[in-house]
Amino acid sequence: MLKFALEKLRDQYDFIIIDCSPSLGLITVNSLTAADSVIIPVQCEYYALEGLGKLLNTIKIVQGRLNTELAIEGILLTMYDTRLRLANQVVEEVKMHFQEIVFDTVIHRNTTLGEAPSYGESIIMHDASSKGSINYLNFAREILQKNDMTNMTNEDKSNIFSDEL
Ligand SMILES: Nc1ncnc2c1ncn2[C@@H]1O[C@H](COP(=O)(O)OP(=O)(O)OP(=O)(O)O)[C@@H](O)[C@H]1O
Ligand SMILES: [Mg+2]
């Protein structure tokens, strides 16, 4: 049903983002059926890798039976903490396994990102100069770049995405 509701809106927006819950229930399957592509946020923690395997399985099933057009937009690494060895291992492992489908932008663990929802605000409205805002703005630019929706030069791109990992 979601699929038909979205068809009506498709012409009016450049992007329609469906925010899913982390569980793989009926609503998530519905969303994957209606979507053109899926962004997979992965926290840089061990258990996140287990969840990633399950989600990729679900995506395969949906691609096989419900939505053959469903693409993977990319994997977004979040909650990255430079000081943690485990976080670095997760980044390495995800990049090794999934290579080019991992976004260059990485979202660093950031207190302001955790605070913003308690004020009912997006991170940009809450504190546009925070590291979290900068990370998510870079991510938005990367998505635009990938979809050929920006005039950014390659030089601009490498300046923006060269995150100090
Ligand atoms: N303090 C933080 N620093 C960096 N990234 C964060 C932080 N808090 C949340 N995130 C990331 O931002 C995204 C949105 O977080 P959110 O709190 O909405 O959790 P969620 O996994 O979407 O679960 P929920 O169903 O509760 O919304 C997640 O990908 C999460 O990893
Ligand atoms: Mg959420």
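Here the structure is a predicted model, which is why all the values come from computation and not from measurement.

**A short note on the pattern of salt bridges**
Phase 1 of the analysis: A full pass over the atoms with the stated rule returns 4 salt bridges.
Phase 2 of the analysis: In this structure, Arg 10 engages Glu 7 in a salt bridge whose closest nitrogen and oxygen atoms are separated by 3.4 Å.
Phase 3 of the analysis: The exposure class assigned to Arg 10 is partly exposed, which follows from its relative accessible area of 36%.
Phase 4 of the analysis: Across the pair Arg 10 and Asp 36 runs a salt bridge, and its minimum N-O distance is 3.1 Å. With a gap of 26 residues between them, Arg 10 in the loop between helix H1 (2–9) and helix H2 (26–34) and Asp 36 in the loop between H2 and strand S1 (37–43) connect regions that are remote in the sequence.
Phase 5 of the analysis: A relative accessible area of 48% means that Asp 36 is categorised as partly exposed.
Phase 6 of the analysis: Among the charged side chains, a salt-bridge network with shared partners connects Glu 7, Arg 10 and Asp 36.

**So, the site of ligand 1**
Phase 1 of the analysis: The immediate surroundings of ligand 1 are formed by Pro 22, Pro 41, Gln 43, Thr 78, Met 79, Ile 107, His 108, Arg 109, Asn 110, Leu 113, Gly 114 and Tyr 136.
Phase 2 of the analysis: In the environment of ligand 1, an oxygen atom lies 2.8 Å from a nitrogen or oxygen atom belonging to the side chain of Thr 78.
Phase 3 of the analysis: Separating a nitrogen atom of ligand 1 from a backbone N or O atom of Asn 110 is a distance of 2.8 Å.
Phase 4 of the analysis: Burial of ligand 1 by the protein chains amounts to 58% of its free accessible area of 610 Å².
Phase 5 of the analysis: Among the cavities detected, the one that contains ligand 1 is the largest pocket.
Phase 6 of the analysis: For the shell around ligand 1, the secondary-structure elements that each account for two or more residues are S1, strand S2 (71–80), strand S3 (102–108) and helix H5 (111–115).
Phase 7 of the analysis: The residue inventory of the shell around ligand 1, partitioned by class, reads 6 nonpolar, 5 polar and 1 charged.
Phase 8 of the analysis: If you count residues domain by domain, the shell around ligand 1 takes at least three from each of domain 1 (1–109) and domain 2 (111–165).

Basis of the calculations
Within each chain, residues carry numbers counting from 1 in the order of the written sequence. Each chain takes a letter, starting from A, and each ligand takes a number, starting from 1, following the order in which they are written. Under the rules for a predicted model, residues below a pLDDT of 70 receive no local features and side-chain atom pairs below 80 are neither given nor counted, while totals for whole chains, interfaces and linings still include all residues. Hydrogens and waters are ignored; side-chain quantities use all the structure's heavy atoms. By salt bridge we mean one thing: a side-chain nitrogen of Lys or Arg within 4 Å of a carboxyl oxygen of Asp or Glu. For every residue, the accessible area obtained with a 1.4 Å probe (protein chains only) is divided by the maximum for its type, and the residue is called buried under 20%, exposed over 50%, and partly exposed between those limits. Runs of E in the DSSP output that reach at least two residues are strands. Runs of H or I that reach at least four are helices, and both are numbered from the N terminus. Proximity criterion: a residue is near a molecule or strand once any of its heavy atoms comes within 4 Å of it. We call two N or O atoms a polar contact when they sit within 3.5 Å, provided that within protein one can donate a hydrogen and the other can accept it, with sequence-adjacent residues counted only if both atoms are side-chain atoms. Here the accessible surface of atoms and residues is derived via Shrake-Rupley with a 1.4 Å probe, and residues count as covered only by protein chains that are part of the display. Buried and open spaces are told apart on a 1 Å grid over the protein atoms alone, a cavity being a set of points where a 1.4 Å probe fits but cannot get out and a pocket being an open set with protein on both sides within 12 Å along at least five of seven lines. Residues with an atom within 4 Å of a point are the lining residues. Molecule-in-pocket calls rest on the fraction of atoms, with more than half required to lie within 2 Å of the cavity or pocket grid points. Nonpolar residues are Ala, Val, Leu, Ile, Met, Phe, Trp, Tyr, Cys and Pro. Charged residues are Asp, Glu, Lys and Arg, and all others, Gly as well, are polar. Those domain boundaries reflect an automatic or database domain assignment.

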